[in-house]
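Overview (structure and organization)
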Amino acid sequence: MKRISLSGVLICVITQLLMSQDFTPPAEAIQAASENFTQFLTNAVTEETKTMVGFDAEDDLSKAVLGNPFRLFRLLADSIRNYNGIAPLRDIVNESDMWYFPIVIDEKIKMMLYVGKKDGKWMRAGLGSAGLSRQMQEITSQWSSSAGFTPMIVQQQNVGAYFYNIPQVDNYNLTETASALTRTGLSESTSQLKTLDAAINDLRSRISR
């Protein structure tokens, strides 16, 4: 099997000066992501197997780089049940020691490399999520970093769904990603943000089922 050569490939993480530390990963997390990214592309993927792990057949893996990471926030069931309709999103979500690093080819997000903290050490926590990756490509195209937007990714584990918030719009929007909505045929444009109150009310009904 022909392996992918990374000679001459610039492996980088585009870490911007963002508005908050919430959107800038620790240096150790960036290092862990870079090391695991290199190891993954050199040892785990070949031209013959790249479609099996989520890449498209036409993808040139020698062009792959790590893009701007997303910190994962979690919205717990108790926070949903107890929401008073007044608190902003940042007051009801929990920060996590998990960062999602997009694997980017030709400026398109193809996969996610997950880096988490365990026993005080940053390490790879997972790889994949082609569906979420495609949705994040749409979200970051609509709400681009070049225009000053830093989308937040919020996970609700009870219903197995991801949401996104655009802080620069306000702290009262929360929209479910199409990667989850397509299961019910409800996928909509990433430009149509939903209100936090509407998202919470919907989640209440789904959690209580």
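Up top you'll find the structure we're talking about.
Residue indices begin from 1 for each chain and proceed along its sequence in written order. The predicted origin of the model limits local features to residues at a pLDDT of at least 70 and limits the giving and counting of side-chain atom pairs to 80 or more, whereas totals for whole chains, interfaces and linings rest on all residues. Side-chain numbers here rest on the full set of heavy atoms in the structure, without hydrogens or water.

This brings us to the side chain of Asn 173. Note on placement: Asn 173 falls in the loop between strand E7 (161-165) and strand E8 (175-176). For every residue, the accessible area (1.4 Å probe, protein chains only) is compared with the maximum for its type, and the residue is labelled buried under 20%, exposed over 50%, or partly exposed between those bounds. Of the residues examined, Asn 173 reaches a relative accessible area of 3% and is grouped as buried. Whenever two N or O atoms come within 3.5 Å, that pair is a polar contact, provided that in protein one can donate a hydrogen and the other can accept it, and provided that, for residues adjacent in sequence, both atoms are side-chain atoms. In terms of polar contacts, Asn 173 uses its side chain to reach the backbone carbonyl oxygen of Asp 170, at 2.8 Å. Contacts are assigned to residue pairs with any non-hydrogen atoms lying within 4.5 Å of each other. Those residues in contact with Asn 173, other than ones at most four positions away along the chain, are Leu 89, Tyr 164, Asn 165, Ile 166, Leu 193, Lys 194, Thr 195 and Leu 196. Secondary structure elements follow DSSP: runs of H or I no shorter than four residues count as helices, runs of E no shorter than two count as strands, and numbering proceeds from the N terminus.

With that out of the way, let us pick up the pairing of strand E5 (residues 121-128). Here a strand pair is declared whenever DSSP counts at least two bridges between the two strands. Bridge count for strand E4 (residues 108-118) against E5 is seven bridges, and the pairing is antiparallel. Its bridge partner lying in E5, Met 112 is registered against Gly 128. Joining the antiparallel neighbours E4 and E5 is a turn of two residues, in which Asp 119 adopts a positive phi near 55°.

Right, let's get into the pattern of salt bridges. By definition here, a salt bridge exists when the distance from a side-chain nitrogen of Lys or Arg to a carboxyl oxygen of Asp or Glu is within 4 Å. Per the counting criterion, the structure on display carries nine salt bridges. The partner of Glu 47 in a salt bridge is Lys 50, with the nearest N and O atoms 2.9 Å apart. On the basis of relative accessible area, Glu 47 is assigned to the partly exposed category, the value being 33%. Under the relative-accessibility criterion, Lys 50 is labelled buried at 4%. Between Lys 110 and Asp 56 there is a salt bridge, with the nearest N and O atoms lying 2.9 Å from each other. Of this pair, Lys 110 sits in strand E4 while Asp 56 sits in the loop between helix H1 (27-44) and strand E1 (65-66); the two residues are 54 residues apart in sequence, bridging distant segments of the chain. Residue class for Lys 110 comes out buried when judged on its relative accessible area of 15%.

Time to look at the packing of aromatic side chains. Pairing of aromatic rings covers Phe, Tyr and Trp, the last counted by its six-membered ring, and requires centre-to-centre distances within 6.5 Å; plane angles under 30 degrees mean stacked, over 60 mean edge-to-face, and any other angle means tilted. Scanning the model with the defined rule gives four aromatic pairs in all. Relative to Phe 55, the ring of Phe 40 has its centre 6.4 Å away and its plane inclined at 25°; by these criteria the two rings are stacked. Taken as a pair, Phe 40 in helix H1 and Phe 55 in the loop between H1 and E1 lie far apart in primary sequence, 15 residues in all. Side by side, Phe 40 and Phe 55 carry an identical accessibility label, which is buried. Ring centres 5.1 Å apart and planes at 90° place the aromatic pair Trp 143 and Phe 149 in the edge-to-face group.

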